[in-house]
Amino acid sequence: MIYELEQQNYQKVLPLLKSDNELSVFSVMNCIMDGNIYVNDPLLPTAVLIQTSECNLIAGDTGDVRFNEGIAEVLDFWDTITPDSEEWCDIIPKVHEDKFIRKYQRRRYVLNIENYQGMDSSLPNGFVLEQVVPDTLRTCGYRNADELLEWIGNWGSDDNFTTYGIGAYIRNQDTIVSWSISDCVYKEKIAIGITTDENYRKKGFAKIVVNEVIRLCEQKGYKQIEWLCVDCNKGSIAIAEKVGFLFHNNYDSFAPYAPVENLMDLSEQEWEEWAEYFEESAKSEVRLLPECIYSYVKANNPQKTRELLMTCQNKHEMETSIQNFISYLHKIEMASNFYDIETVE
């Protein structure tokens with residue numbers, strides 16, 4: 001059996017945790033961020049699944065069969081899941097609805113604010129650096145404002161974000177070009193993330209906006225900032241290291257899809273390997289067939305794309321979707337072998 005724990009009992013699961021990689025877990029357990037906690041026994045829990053806006057963490061005893069069977073009732077087929085300890089790595093594919101869910105690695109960086117030296121924050125003419133104010137974002141009409149508001153929504157309310165959270169963005173006229181917002185907090189620790197509009201990348205904006213967020217974190221009394229990313233996210237890793245974050249550790253997570261935050265972080269050969277994995281898995285789990293086809297497109301393999309499109313029940317719908325996707329990939333200089341739209345028909 002699996003039970004949802006009431007908030008006043010969240011601290012009962014703290015002794016079950018071995019890792020501290022996911023700060024959002026501690027934020028939820030201390031009722032700062034919204035989330036859900038499921039256990040095998042509400043009175044004396046020995047196994048737990050903690051859902052946050054950032055992750056699904058599973059911890060405790062791996063041997064409770066009834067609890068493990070209940071995991072699929074809580075998690076969606078496409079949900080990722082992070083093991084708190086190595087013991088869960090062999091169990092997760094057995095308890096997740098996707099039996100082909102695949103392990104990958106994440107990176108954790110840490111910055112102690114007292115050691116931060118700061119950096120040049122000068123911007124080109126026409127660009128301004130502004131602090132995130134939710135009410136302003138709702139009425140400004142700026143491009144990308146909705147993406148910032150969606151991120152802020154993870155805090156549950158504007159008041160909660162204003163009390164604990166931090167954010168800043170760079171704007172050029174009516175376009176927000178780069179933004180950094182806190183994901184969660186716990187005591188004197190805060191985790192942040194960064195996004196830059198595709199049209200404004202590799203111009204140094206990310207470093208400038210992160211520098212501002214670090215300043216705001218110090219101003220608000222935080223002592224340590226955490227930065228989490230997928231191990232293959234070259235851009236995120238480069239920004240974190242240039243700003244001054246120090247690599248702390250890698251840790252495992254599982255995803256039913258390729259957990260890639262920027263499509264060009266993987267080579268064509270690496271996308272081909274993912275496509276082959278999904279193709280084999282789709283023989284038993286048909287829901288993975290679209291992932292397989294999209295991966296072959298990203299691998300720049302028209303032949304396999306055409307071959308597998310012919311097997312789709314919703315072939316026409318998939319063709320339209322793939323054609324639109326190829327058009328997007330051409331804009332970022334991918335899928336060069338798909339020289340025109342006829343390639344997939």
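Residues numbered from 1 in each chain as written. Predicted model: local features only at pLDDT ≥ 70, side-chain atom pairs only at ≥ 80, totals over all residues. Heavy atoms only, no water.

Asks: Please explain the pattern of salt bridges as it appears in this structure.
Replies: Opposite charge on two side chains permits them to pair, given that their charged atoms come into close proximity. Taken as a whole, this structure holds 17 salt bridges when the rule is applied. Residue Asp135 is joined to Arg138 by a salt bridge in which the shortest nitrogen-to-oxygen separation is 3.6 Å. Placement of the pair is Asp135 and Arg138 together in helix H4 (residues 134–140), with a separation of three residues, close to one helical turn. Note on Asp135: relative accessible area 53%, which makes it exposed. Glu280 is the salt-bridge partner of Lys283, the closest N and O atoms lying 3.0 Å from each other. Owing to a relative accessible area of 63%, Lys283 belongs among the exposed residues under this scheme. Glu280 gets classed as partly exposed once you look at its relative accessible area, which sits at 48%. (Salt bridge = Lys/Arg side-chain N within 4 Å of Asp/Glu carboxyl O. Helix = DSSP H or I, 4+ residues; strand = E, 2+ residues; numbered from the N terminus. Buried < 20%, exposed > 50% of the residue type's maximum accessible area, 1.4 Å probe, protein only.)

Asks: What is the right way to read helix H8 (residues 234–243) from this model?
Replies: One full turn of an α-helix is made of 3.6 residues, so residues set three or four places apart face in the same direction. Residues of H8 that are buried include every one of Ser236, Ile237, Ile239, Ala240 and Val243, and no others. Seen from one end, H8 has its buried residues packed into an arc of 165°, which puts them on one side. Summarising the geometry of H8, the exposed residues directed more than 90 degrees from the buried face are Lys234 and Lys242. In the core, the buried residues of H8 are packed alongside strand S6 (102–112), helix H7 (205–219) and strand S11 (224–230). Just downstream of H8, Gly244 is the residue with a positive phi angle, here 125°. (Arc of directions from axis to C-beta. Contact = heavy atoms within 4.5 Å.)

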